[in-house]
Amino acid sequence: MSDLVVSDGHGPFMNKSNSLLAALFALLFCTALLIAVPVLGPSFREVLNRAERVRFPFENPDLLYREAETRYYSGDLGMAHDIARRALMVEPEFVPAYKLLAAIYFKERKYAAAEASCRSAAALAPEDNTIRIALGRTLEQQGRLAEAAETYRQVADDRHATAEQKAEAVTRPETQGTDAPDTDTARALLPTR
């Protein structure tokens, strides 16, 4: 029994040889874990995926999005996808991540998934016409031309209404003499019929 007690009174794991053994054990455990993931299959991966969903306070969806966007433009679509999904785990209503996922899926020719991402983004930001234009493109690629045409028509109608509202605001007497753009410039924004 006296073999387990260290003479300085700090316990059996405080000497250098025991801490070296503990580090070696940790290294072997991590190596075994790396081998076990592909061998044990989907059930073990599912446990790891659940563990990844834990939100860390230092995770910022904007920073994750920027990293995903960088990966997208460098051509690493798989990593861009994973990071964008991570941003959505942190902030489920983060529209830029949905838009990036739609772009990734579109580039990968996964049009149904791109459509789902566009629809999720459009539900969160219905005023964003770029999302609806992207939705129209995904519908076109799926051969759903009537739906795509209707989506484009809605975008055009919204843009026309917005331009008319801007022109109307400029021509109101209460806006005269302010920093509002001149009437001719505002009317130039209106589409011609």
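See the structure above.
(A) Focus on the overall build of the protein chain. When helices and strands are counted, the protein chain shows nine helices and zero strands. Along the protein chain, helices (α) and strands (β) appear in the sequence α-α-α-α-α-α-α-α-α when read from the amino end. Across the 193 residues of the protein chain, 27% fall into the buried class. Put simply, 43% of the contacts in the protein chain that link residues at least 6 apart link residues at least 24 apart.

(B) A look at the pattern of salt bridges. Tallied over the entire structure, the rule returns 12 salt bridges. Between glutamate 147 and arginine 119 there is a salt bridge, with the nearest N and O atoms lying 4.0 Å from each other. With glutamate 147 in helix 8 (residues 145-171) and arginine 119 in helix 6 (residues 111-124), this pair connects stretches of sequence that are 28 residues apart. Glutamate 147 gets classed as partly exposed once you look at its relative accessible area, which sits at 36%. A salt bridge links arginine 153 to glutamate 150; the nearest nitrogen and oxygen atoms lie 2.5 Å apart. Of this pair, arginine 153 and glutamate 150 both sit in helix 8, three residues apart, roughly one helical turn. Owing to a relative accessible area of 40%, arginine 153 belongs among the partly exposed residues under this scheme. Classification of glutamate 150 by relative accessible area gives partly exposed; the value is 32%. By sharing partners, the salt bridges in this structure join Glu115, Arg119, Arg144 and Glu147 into a single network.

(C) Quick peek at the side chain of glutamate 115. Inspection of the secondary structure puts glutamate 115 in helix 6. A relative accessible area of 10% means that glutamate 115 is categorised as buried. Beyond its immediate sequence surroundings of up to four residues, glutamate 115 is in contact with Leu135, Thr138, Leu139, Gln142 and Arg144.

(D) Structural view of the nonpolar core. Formed by 29 residues in total, the largest nonpolar core has its most connected members in Tyr72, Leu88, Phe94, Leu100, Ile104 and Ile131. The element contributing the most residues to this core is helix 5 (residues 95-107), with eight residues.

(E) How the structure looks around the packing of helix 4 (residues 77-90) against helix 5. For the pair helix 4 and helix 5, the least separation of the axes is 9 Å and the interaxial angle reads 155 degrees. Here helix 4 is positioned roughly antiparallel relative to helix 5, judged by the angle of their axes. In terms of crossing hand, the pair formed by helix 4 and helix 5 is left-handed. Contacts between helix 4 and helix 5 involve Leu77, Ala80, His81, Ala84, Arg85, Ala87 and Leu88 from the former and Ala97, Tyr98, Leu100, Leu101, Ile104, Tyr105 and Lys107 from the latter.

What counts, and at which threshold
- Residues numbered from 1 in each chain as written.
- Predicted model: local features only at pLDDT ≥ 70, side-chain atom pairs only at ≥ 80, totals over all residues.
- Heavy atoms only, no water.
- Helix = DSSP H or I, 4+ residues; strand = E, 2+ residues; numbered from the N terminus.
- Buried < 20%, exposed > 50% of the residue type's maximum accessible area, 1.4 Å probe, protein only.
- Contact = heavy atoms within 4.5 Å.
- Salt bridge = Lys/Arg side-chain N within 4 Å of Asp/Glu carboxyl O.
- Core = buried A, V, L, I, M, F, W, Y, C linked by side-chain atoms within 4.5 Å.
- Axes fitted to C-alpha atoms, helices over the stretch in contact; angles between N-to-C directions.
- Parallel < 35°, antiparallel > 145°, perpendicular 65-115°, else oblique.
- Left-handed = near helix turned anticlockwise from the far one by under 90°.

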